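Descriptive structure summary
Okay, here's what each chain looks like letter by letter:
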Amino acid sequence: MKFMLIMRAVDQTAVDAYETADFEKIIADMGAYNESMVNAGVMADGAGLSDAADGAVVDFSEDDPVVTDGPYGELRELFNGFWMVEVSSQEEAIEWAKRAPLGAGSQIEVRRVNGPEDFPQDNEWIQKEQEWIAEGKLAGS
């Protein structure tokens with residue numbers, strides 16, 4: 001099963017800690033964490049995200065989508081990065097999430113990623129997606 005581990009700061013404590021932390025130590029700690037997942041054969045992907053002030057939101061609440069430039073939302077609604085892990089269970093994904101080098105004010109949301117097998121197999125778009133995966137046409141496949 002594939003899970004996304006979504007990293008977020010939920011209060012100012014985490015933001016303040018990050019801003020005053022030794023960046024080289026953060027990189028080293030995250031690198032070691034990532035390496036442990038790579039060596040265990042569970043890490044499929046992962047990345048940190050730029051500041052929300054550099055982003056945008058496309059809101060579909062109106063007939064025409066409305067674009068809002070960052071920063072947007074409340075701190076607890078934003079996420080800072082993610083890992084994709086392939087593991088045998090949600091419990092194993094949670095165990096990996098618990099090992100992340102994060103501190104007070106941070107959270108990791110653990111969510112299973114649906115695959116083509118979770119949808120009707122006779123659907124033409126599901127069949128096309130399976131073909132794209134087999135042909136290596138999807139980024140990261």
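See above for the structure.
Throughout, residues of each chain are indexed from 1 in the direction in which the sequence is written. Predicted model: local features are reported for residues with pLDDT of at least 70 only, side-chain atom pairs are reported and counted for 80 or more only, and whole-chain, interface and lining totals are derived from all residues. Only hydrogens and water are set aside when side-chain values are computed; all heavy atoms of the structure are taken into account.

1. Re the packing of aromatic side chains
Only centres within 6.5 Å qualify two rings of Phe, Tyr or Trp (six-membered ring in Trp) as a pair; their planes then separate them into stacked at under 30 degrees, edge-to-face at over 60, and tilted for everything else. Taken as a whole and assessed by the stated rule, the structure comprises one aromatic pair. Measuring from ring centre to ring centre gives 5.2 Å for Tyr33 and Trp83, while their planes differ by 85°; the resulting arrangement is edge-to-face. Of this pair, Tyr33 sits in helix H2 (residues 23–40) while Trp83 is found in strand S5 (residues 81–86), placing the two residues 50 residues apart along the sequence. Whether a residue is buried, partly exposed or exposed follows from its accessible area with a 1.4 Å probe, protein chains only, as a fraction of its type maximum: under 20%, in between, or over 50%, in that order. On the basis of relative accessibility, which here comes to 4%, the residue Trp83 falls in the buried class. When the NZ atom of lysine or the CZ atom of arginine is within 6 Å of a ring's centre and also within 35 degrees of its normal, the charge is said to sit over that ring. The ring of Trp96 has Arg99 lying over it, and the distance from NZ or CZ to the ring centre is 4.3 Å. A cation over an aromatic ring shows up here: Lys128 above the ring of Trp125, its NZ or CZ 4.3 Å from the ring centre. Working definition: helices are DSSP H or I runs of at least four residues, strands are E runs of at least two. Numbering for both runs from the N terminus.

2. As for the side chain of Arg8
Within the fold, Arg8 resides in strand S1 (residues 2–9). Among the residues examined, Arg8 registers a relative accessible area of 13% and is labelled buried. Any pair of N or O atoms that falls within 3.5 Å is considered a polar contact. Within protein, one atom must be able to donate a hydrogen and the other to accept it, and sequence-neighbouring residues count only if both atoms are side-chain atoms. Polar side-chain contacts of Arg8 include one of 2.5 Å to the side chain of Glu109.

3. Regarding the nonpolar core
Core analysis: the biggest nonpolar cluster contains 15 residues, and Leu5, Tyr33, Met37, Trp83, Val85, Val87 and Ala93 have the highest contact counts within it. Taken together, the elements giving at least two residues each to this core come down to S1, H2, S5 and helix H3 (90–98). The contact criterion used is simple: two residues touch if any of their non-hydrogen atoms lie within 4.5 Å. With near-sequence residues (within four places) excluded, Val85 lies in contact with Met1, Lys2, Phe3, Leu5, Met37, Val42, Met43, Ala44 and Ala93. What we call a nonpolar core is a set of buried Ala, Val, Leu, Ile, Met, Phe, Trp, Tyr and Cys residues that are connected through their side-chain atoms within 4.5 Å.

4. Remarks on the environment of Ala134
With respect to the element layout, Ala134 can be found in helix H4 (residues 124–135). In this structure, the C-alpha to C-alpha distance between Ala134 and Ser50, residues 84 residues apart in sequence, is 31 Å.

5. Focus: H3
Within H3 the residues assigned to the buried category are Ala93, Trp96 and Ala97. Across the axial projection of H3, the buried residues extend over an arc of 100°, all falling on one side. Exposed side chains of H3 directed beyond 90 degrees from the buried face belong to Glu91 and Lys98. Tucked into the core, H3 has its buried residues touching S1, H2, S5 and strand S6 (106–112). By arc we mean the arc of the directions from the helix axis to the C-beta atoms, nothing more.

6. Quick notes on the pattern of salt bridges
Close approach of charged atoms allows side chains of opposite charge to pair. What makes a salt bridge here is a side-chain nitrogen of Lys or Arg within 4 Å of a carboxyl oxygen of Asp or Glu, nothing more. Following the criterion strictly, the structure yields seven salt bridges and no others. Its salt-bridge partner being Arg111, residue Glu109 comes within 3.0 Å of it at the nearest N-O pair. Residue Arg111 is classed as partly exposed on the basis of its relative accessible area of 48%. A salt bridge links Glu135 to Lys137; its shortest N-O distance comes to 3.0 Å.

7. Quick word on the pairing of S1
Consecutive side chains of a regular strand alternate in pointing toward one face of the sheet and then the other. Taken across its eight residues, S1 has six buried, putting it largely inside the fold. Alignment of S1 against S5, held across six bridges, turns out to be antiparallel. Residue Lys2 lies in a different strand from S5, and its bridge partner there is Glu86. The criterion for strand pairing is that DSSP finds at least two bridges linking the strands in question. For S1 and S6, the ladder comprises seven bridges, and the chain directions are antiparallel. Within S6, the position partnered with Met7 by the bridge is Ile108.

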